[in-house]
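These are the residues of each chain, in order.
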Protein chains: 4
Amino acid sequence: LDKEYMKLALQLAKSVKGQTTPNPPVGAVVVKDGAIIGFGAHLKSGEEHAEVIALQMAGEKAHDATIFVTLEPCSHDGKTAPCADLIIKKGIKRVVIACTDYHEKVAGSGIMKLTKAGIDVEVGLLHKEALQLYDVFFHYIKNKLPYVTVKSAVSLDGKIATAKGDSKWITNKTARTDVHHYRHCHDAILVGINTVLNDNPRLTTRIQNGKNPVRIILDTHLRTPLHANVVTDKQAETWIFVGERVSAERKEPFKNNQFVRIFTVESEKIDIKNVLRIVALEGITSVFVEGGATVNDAFLQKNLMNQFIMYIAPIIIGGKNAKTSFAGEGFQKLTEALEFQIKQVEKMDDNLKIVAVRKG
Amino acid sequence: LDKEYMKLALQLAKSVKGQTTPNPPVGAVVVKDGAIIGFGAHLKSGEEHAEVIALQMAGEKAHDATIFVTLEPCSHDGKTAPCADLIIKKGIKRVVIACTDYHEKVAGSGIMKLTKAGIDVEVGLLHKEALQLYDVFFHYIKNKLPYVTVKSAVSLDGKIATAKGDSKWITNKTARTDVHHYRHCHDAILVGINTVLNDNPRLTTRIQNGKNPVRIILDTHLRTPLHANVVTDKQAETWIFVGERVSAERKEPFKNNQFVRIFTVESEKIDIKNVLRIVALEGITSVFVEGGATVNDAFLQKNLMNQFIMYIAPIIIGGKNAKTSFAGEGFQKLTEALEFQIKQVEKMDDNLKIVAVRKG
Amino acid sequence: LDKEYMKLALQLAKSVKGQTTPNPPVGAVVVKDGAIIGFGAHLKSGEEHAEVIALQMAGEKAHDATIFVTLEPCSHDGKTAPCADLIIKKGIKRVVIACTDYHEKVAGSGIMKLTKAGIDVEVGLLHKEALQLYDVFFHYIKNKLPYVTVKSAVSLDGKIATAKGDSKWITNKTARTDVHHYRHCHDAILVGINTVLNDNPRLTTRIQNGKNPVRIILDTHLRTPLHANVVTDKQAETWIFVGERVSAERKEPFKNNQFVRIFTVESEKIDIKNVLRIVALEGITSVFVEGGATVNDAFLQKNLMNQFIMYIAPIIIGGKNAKTSFAGEGFQKLTEALEFQIKQVEKMDDNLKIVAVRKG
Amino acid sequence: LDKEYMKLALQLAKSVKGQTTPNPPVGAVVVKDGAIIGFGAHLKSGEEHAEVIALQMAGEKAHDATIFVTLEPCSHDGKTAPCADLIIKKGIKRVVIACTDYHEKVAGSGIMKLTKAGIDVEVGLLHKEALQLYDVFFHYIKNKLPYVTVKSAVSLDGKIATAKGDSKWITNKTARTDVHHYRHCHDAILVGINTVLNDNPRLTTRIQNGKNPVRIILDTHLRTPLHANVVTDKQAETWIFVGERVSAERKEPFKNNQFVRIFTVESEKIDIKNVLRIVALEGITSVFVEGGATVNDAFLQKNLMNQFIMYIAPIIIGGKNAKTSFAGEGFQKLTEALEFQIKQVEKMDDNLKIVAVRKG
Ligand SMILES: [Zn+2]
Ligand SMILES: [Zn+2]
Ligand SMILES: [Zn+2]
Ligand SMILES: [Zn+2]
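Just so we're clear, the structure is a prediction, and the values are computed from it rather than from any experiment.

**Describing the interface of chain A and chain B**
1) Next: With 46 residues of chain A at the interface, the matching set in chain B holds 46 residues.
2) Next: The contact between chain A and chain B buries some 3800 Å² in all, and 66% of this surface belongs to carbon and sulfur atoms.
3) Next: Summed over the three residues of chain A that lose the most area to chain B, namely A:Leu156, A:Ile316 and A:Leu334, the buried surface amounts to 20% of that side.
4) Next: At the boundary of chain A and chain B, one finds 16 residue pairs in polar contact (both at pLDDT 80 or more).

Laid out in structure tokens, this is it:
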């Protein structure tokens, strides 16, 4: 039954994925005499860890119980007391862990502490499922960069608009709703200034109970209008990245808007890697790029794309000048092209969705 | 058991699809007292019809038997005596037909003849499967044009080559072998002169027991080299379509090559619909286009594409000047774009194959 | 996303199915601004309800939040304060319920209370999945009888043993392990005295973290040996049902065994419906019968079987006197035979498992 | 494409399975230059072999062609000239064979002859599928006994009737129609005299275009009534097996019935193996037993059952005296029970079908 209990812990962790940023989603289940006596998940950065909630629920009964936890319990002094200590104190007999932590402060030290205390520790149950859950978090911790997903809606011949620029709507409603699920579970959404100027989008999550991501605008010359939806709607924060040449006066009118932050990069043009580094420091672990061909290309050229999601409509647009997903120069040789792995193919009514992840 | 017998007839017809051009593939099965006493398929234009082979095999026993045939038996004087007459003469009691014929000379007259002779006729068993078998033939008969399948091998971002033109090989071996199956079952393959000049391809079917299609070259100024593989290899016929301005001297050296035919169109430039009309008259019912962006676009602009087959490799090439499947101007509005239906999606190792058919 | 949240609530409820007896398994999830802020499950009779745990976790944030709960919140004074009152007090804005309660004391009164308080109440999300979860509980509440599952391990020809009585082991190890999962999630296991005398079984759940059911023995003349495993092993309670003629002296030696209870029925022979009524009063909601042909037949004749689970081994034993799953007289006419519905068929290595539920 | 051609040959062979008795079903396809130029199947004992039909259809073109054949071509003088000789004479270049022949007269000698003639011979393409096709034939050739399939229609508890004998109808219409497909493809159907006396069955195949099997009656004392359907209906032959004590007078009235044959075994009682040996000599390769518990048991006890087909209805009949599939003594120890392998499980509306084949 161990598997069943770990599945539940993973299910709990999965259900809070996206709301614990910059912490990882963790689930825990406490079991004794064939019955669940406690369970928990880390709900939000700054709040209790999954193990704390689960052990509190178990109370006295935790003595001699088994705890199933999706990630190695913490052992360092952070915002909360280390979970490893609490597990020992509560008299837990056996700890089953799906994944060890990649965080340098933890990395096996939690397990060591537990083992030294004479607790039976098992690592690796449903490891593969857990790794999938932690793809974003581990990437973030290792690289100090958010996990980047680029999205594109194209015709069968790879066009995102006609030569004249008509792009509303290439894909069907099911595909467009699916996009909102991605917005919901990402920390931030990123677009270029042209998208703001042309479409005046809201960039919010329009599904019931949806969570809005931070809106990141790449805007070298700070051309974002003061009356743009992303500035005025107060639905989520908007972070505008501008070049060093933008004057203080130009930034002035945004200052008293609590929902807008201006980030000035230390160069004339905006370097996308720089932007990612900065937002990572701000605790953004995942970025959903809905940016158009030029913005997409910036990620391609810098090899900063972790995932590519493509919605294909069953039409052929044609046109050698009609835009495709990535503008710019592209790669010159096939051997230079970025390699992906097609992870998922799904029919969405008459459209098709393809999810590809960066290889290796 | 009727279904089982018709399935066998369809199986026989399907197995000869592509070799009976310009006739349709037909299968027939004769059954009496619960046993198969004869079966047949039309093997080649000019040879016996399926019904003739099946009834010959059945011999005397055909009296009072049932015949299952995939297409309405012919009733007109053609190269062979009408099958309807033979069925009557043999004393068949019941005729089960999957599909009526679209051919104006037949169109129900076979059924009428049989019914008048007092034979029990049933139409429509496994009709849907039969229609699929006759998609090419019915299109050809109704429109006097071959059924056109355009093939493209692309990256995830819809590119058929890098900006510098590197395209060998975007797709994997499984996908490339799959292409040869399409060559095998098409009457003709079509490319533009640039493909001949750049790649000097053979355009033959390189799978065991593969059948080579006729090779059609669009070559306005007759620039096909005399030493090109398609001219010298004698593996299949090569039909070169040239503009009216091409001089007789230029055509001269091809004249004594039995495998090459020069077709001169009555215009300066080559109109693709004109080409299709001509090859249809020559008995070509299906054309497989492996032509590159410009040739593909000719079919797109004239709305002459019946099927689009796309092999997608899991790489991103990028480049706004890197070619996509269709060059040319394309459509200006999304509402003008040609609509297709995604009929099949298949993983081919790490590649993906999408088959889309023209809607309506 | 509503569905996702209710799925989690159902998942939580499902994970505690079997440990909340005689209460139903209930799960709850509290959501606000696209994030989960609390979740809970009722873990054990006498402990907090799912809603209480979830709302405590949510704390202040519960104000204006949505709660997803698998079963209608209670509104009556029970062992705990009514959950409906707590939901109102916490300022919840919207309540989504999978299933209304069948319990006469609740039955819509919880919903009424919430609605009167101005809360938006929705009923029926994932209703079908919830009904499946509550099959046992609703049967128990409506009929004041436990849900009865009879299990049998047979050969292809329906034999549970050879004519000589050899039955160890007909089915394979996978099938036998599967049986332990059923023991784990049932409140009680039931056998006849002959099984105890012949096999001296332990009737415990021998899988990791398994929960032992109460062991019910039908033993008219109290022939259970004092040294039987079910009497001495102290792994779970053993309830022995005896006829009224059994003398007090005979019962005496069992009295100081805390794990054994003797139930004397008010008749010479033991009526199975009577037994079920008594154990229902004791809070047993589900009974797993592993009883042999005679005991099984008692359930068949009284039409008290809700589910039949059959493990089929790929052997033929033969023998007109070899026992089948049900001894006794059986039904005389086919129209009298009890009707079931085959709900599940599963290969278990070379064995086959069939789950059939009573129809109507 | 080799696989495609062999699949067609197997398809042809499969479609005549059951009508070629006692010869095996064989299919052949002749291919040249990527086109099918001939195909054939052996239709009936005494008629042309598959290779002959296929090569006749191919005519002159057969020179340098490839022939795909499901079974090794014959090389001995039988009713027809050896196919191996014809293949050589026709100038075939390559022979692809799915299965070598088990027949002692052939067994590799066909292949040897072909190889000696310089023909390229390949064996084993789609071998597994071919073996499945030849299960009946190879069993028949090796053992000089027909392949025996026993059929039973039972309740969930393995009963074929109530204790009172009510058995009409346990299973549903779909299951009963399925039985007729088995009758159609078997050479003979076998029942005991009691079935004839109680039900007066026709034992014919009541599906469209169905073929009637020979009807075998086990009737020790020749109690088959002269007015029984199997005697008077002239739908198929009826073979009655009687013991040696039956007088000539008793047999007399059956003599002038062309559809009835009386077989007298040389013993008082009828030995089932003896019956199978005799019908094998008469060319019966497969027997479908629909015999009731006693007849079924005869096959069980002599270990003469190759396949067991069970239709399960979702009812429980009960009754220790209600009959199961096999009467008689049965096996005493589980280790003696006959082992099978469950090959197929199929839902038939609310019924279930299980096909089990004898192991080893
Ligand atoms: Zn912690
Ligand atoms: Zn014809
Ligand atoms: Zn409550
Ligand atoms: Zn032969």
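Now that the structure is up, let's keep going.
**As for the arrangement of the chains**
1) Next: With no contact between them, chain B and chain C keep their nearest C-alpha atoms 28 Å apart.
2) Next: Spatially, chain A and chain D are disjoint, and the shortest separation between their C-alpha atoms is 28 Å.

**Thoughts on the coordination of the zinc ion (ligand 3)**
Residues and elements named next belong to chain C.
1) Next: Protein coordination at the zinc ion (ligand 3): the donors are His49 (ND1), Cys74 (SG) and Cys83 (SG), at 1.9 to 2.3 Å from the metal.
2) Next: Between consecutive donor residues of the zinc ion (ligand 3), the sequence gaps follow H-x24-C-x8-C.
3) Next: Judged by relative accessible area, Cys74 falls into the buried class, the value being 8%.

**A few points about the environment of A:Ile270**
1) Next: Among the secondary structure elements, A:Ile270 is positioned in the loop between β10 (260–264) and α11 (272–281).
2) Next: Discounting chain neighbours no more than four positions away, the residues touching A:Ile270 are A:Leu218, A:Asp219, A:Thr220, A:Phe241, A:Val242, A:Gly243, A:Val265 and A:Val275.

**A look at the relation of the copies chain A and chain B**
1) Next: With an axial shift of 0.1 Å and an RMSD of 0.1 Å, the rotation relating chain A to chain B amounts to 180 degrees. Viewed as a symmetry operation, the transformation between the two copies matches a two-fold axis. No C-alpha of chain A approaches the rotation axis more nearly than that of A:Gly158, which lies at 2.2 Å.
2) Next: Both copies contact each other with a shared surface, as 100% of the interface residues of chain A are interface residues in chain B too.

**Things to note about the confidence of the model for chain A**
Predicted coordinates in areas of low pLDDT are best not read in detail.
Residues and elements named next belong to chain A.
1) Next: Model confidence for chain A is summarised by a mean pLDDT of 93, while 97% of its residues fall at 70 or above.
2) Next: Mean pLDDT values over the elements of chain A span from 90, in helix α4 (residues 109–116), up to 98, in strand β12 (residues 307–313).
3) Next: Our summary of model confidence lists the complex with pTM equal to 0.86 and ipTM equal to 0.83.

**Description of the pairing of strand β15 (residues 351–358) of chain D**
All names here are of chain D.
1) Next: The element β15 is extensively covered by neighbouring structure, given that seven of its eight residues are classed as buried.
2) Next: As judged from the six bridges shared by strand β12 (residues 307–313) and β15, these two strands associate in the antiparallel manner. Residue pairing in the sheet places Ile309 in a bridge with Val355 of β15.
3) Next: Pairing of strand β14 (residues 338–348) with β15 involves eight bridges; the strand directions are antiparallel. Bridge assignment links Met348 to a residue of β15, and that residue is Asn351.

**Focus: the side chain of A:Ser75**
Residues and elements named next belong to chain A.
1) Next: Mapped onto the fold, Ser75 is located in the loop between β3 (66–71) and α3 (83–89).
2) Next: A distance of 2.6 Å separates the side chain of Ser75 from the side chain of Ser109, its partner in a polar contact.
3) Next: Setting aside residues up to four positions removed in sequence, Ser75 forms contacts with Pro82, Ala84, Ser109, Gly110 and Lys113.

**Looking at the sheet that holds strand β5 (residues 120–123) of chain B**
Residues and elements named next belong to chain B.
1) Next: Read across the sheet, five strands follow the order β2-β1-β3-β4-β5 without closing on themselves; strand pairing throughout is mixed. Whereas interior strands pair on both sides, the edge strands pair on one side only; in this sheet they are β2 (35–41) and β5. Adjacent strand axes in the sheet meet at a mean angle of 15 degrees, parallel and antiparallel pairs treated alike.
2) Next: Of the strand pairs in this sheet, strand β1 (residues 27–32) and strand β3 (residues 66–71) are connected by four bridges, and their pairing is antiparallel. Of the residues in β3, the one forming a bridge with Val30 is Ile67.
3) Next: Sitting on the sheet, helix α1 (residues 2–15) is in contact with β1, β2, β3, β4 (94–99) and β5, with an inclination near 150 degrees to β1.

Conventions used here
- Residues numbered from 1 in each chain as written.
- Chains lettered and ligands numbered in written order.
- Predicted model: local features only at pLDDT ≥ 70, side-chain atom pairs only at ≥ 80, totals over all residues.
- Heavy atoms only, no water.
- Contact = heavy atoms within 4.5 Å.
- Buried area = accessible area lost by both parts, 1.4 Å probe.
- Polar contact = N/O pair within 3.5 Å; in protein donor to acceptor, adjacent residues only side chain to side chain.
- Donors = N, O, S within 2.8 Å, 3.2 Å for Na, K, Ca; no water.
- Buried < 20%, exposed > 50% of the residue type's maximum accessible area, 1.4 Å probe, protein only.
- Helix = DSSP H or I, 4+ residues; strand = E, 2+ residues; numbered from the N terminus.
- Least-squares fit on C-alpha atoms with pLDDT ≥ 70 in both.
- pLDDT = per-residue confidence, 0-100.
- Pairing = 2+ DSSP bridges.
- Axes fitted to C-alpha atoms, helices over the stretch in contact; angles between N-to-C directions.

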